[in-house]
Amino acid sequence: IIMKSYPNPFNPSTKFEVDIHESSNFNIDIFDINGKMIETILRDEYLISGTYHFSWEPENLSSGTYILNISNEKYSESLKLILQK
């Protein structure tokens, strides 16, 4: 799994690209810096290998650092997102 986000820092939205090398069920979640889940982008979604594009436009959140996490039964990878208002 390879992830990249643009723009980052962002306001009001960011896009992220995920390169998946092995088909599997995936979860994509956003957490605040304290580990509290803020939003779920995907829940147990089967993705075949390839490149996927997503966007996130947080509502009612303050400036700060958020963690984008993608995971399946074998892997977990995180990316830091910085919201600047």
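Up top is the structure these notes are about.
Described below are features of the structure shown in this document. (Residues numbered from 1 in each chain as written. Predicted model: local features only at pLDDT ≥ 70, side-chain atom pairs only at ≥ 80, totals over all residues. Heavy atoms only, no water.)

### Digging into the pattern of salt bridges
- Summed over all chains, the structure comprises three salt bridges.
- The salt bridge involving K74 is made with E22; its shortest N-O contact spans 3.0 Å. With a gap of 52 residues between them, K74 in the loop between β6 (64–71) and β7 (76–83) and E22 in the loop between β2 (14–20) and β3 (24–32) connect regions that are remote in the sequence.
- With relative accessibility at 37%, the residue E22 sits in the partly exposed group.
- R43 is paired through a salt bridge with D29; the nearest N and O atoms lie 2.7 Å apart. (Salt bridge = Lys/Arg side-chain N within 4 Å of Asp/Glu carboxyl O. Helix = DSSP H or I, 4+ residues; strand = E, 2+ residues; numbered from the N terminus. Buried < 20%, exposed > 50% of the residue type's maximum accessible area, 1.4 Å probe, protein only.)

### Considering the pairing of β7
- Of the strand pairs in this sheet, β6 and β7 are connected by eight bridges, and their pairing is antiparallel. Bridged to Y66 within β7 is L81.
- Here β6 folds back onto β7, and the loop between the two strands holds four residues. (Pairing = 2+ DSSP bridges.)

### Examining the sheet that holds β2
- Spatial strand order, β1-β2-β5: three strands in an open sheet with antiparallel pairing. Every interior strand has two partners, whereas the edge strands, β1 (2–6) and β5 (50–56), have only one. For this sheet, the mean inter-axis angle between neighbouring strands, taken without regard to orientation, is 20°.
- Of the strand pairs in this sheet, β1 and β2 are connected by five bridges, and their pairing is antiparallel. From the neighbouring strand, I2 faces β2, where its bridge partner is D19. (Axes fitted to C-alpha atoms, helices over the stretch in contact; angles between N-to-C directions.)

### Focus on the nonpolar core
- Among the nonpolar cores identified, the biggest contains 18 residues, and F16, V18, I28, W56 and L68 are the most heavily contacted of them.
- In this structure V18 touches I1, I2, M3, G50, T51, Y52, F54 and I70, once residues within four positions along its chain are discounted. (Core = buried A, V, L, I, M, F, W, Y, C linked by side-chain atoms within 4.5 Å. Contact = heavy atoms within 4.5 Å.)

Remember, this is a structural readout, not a statement about activity or role.
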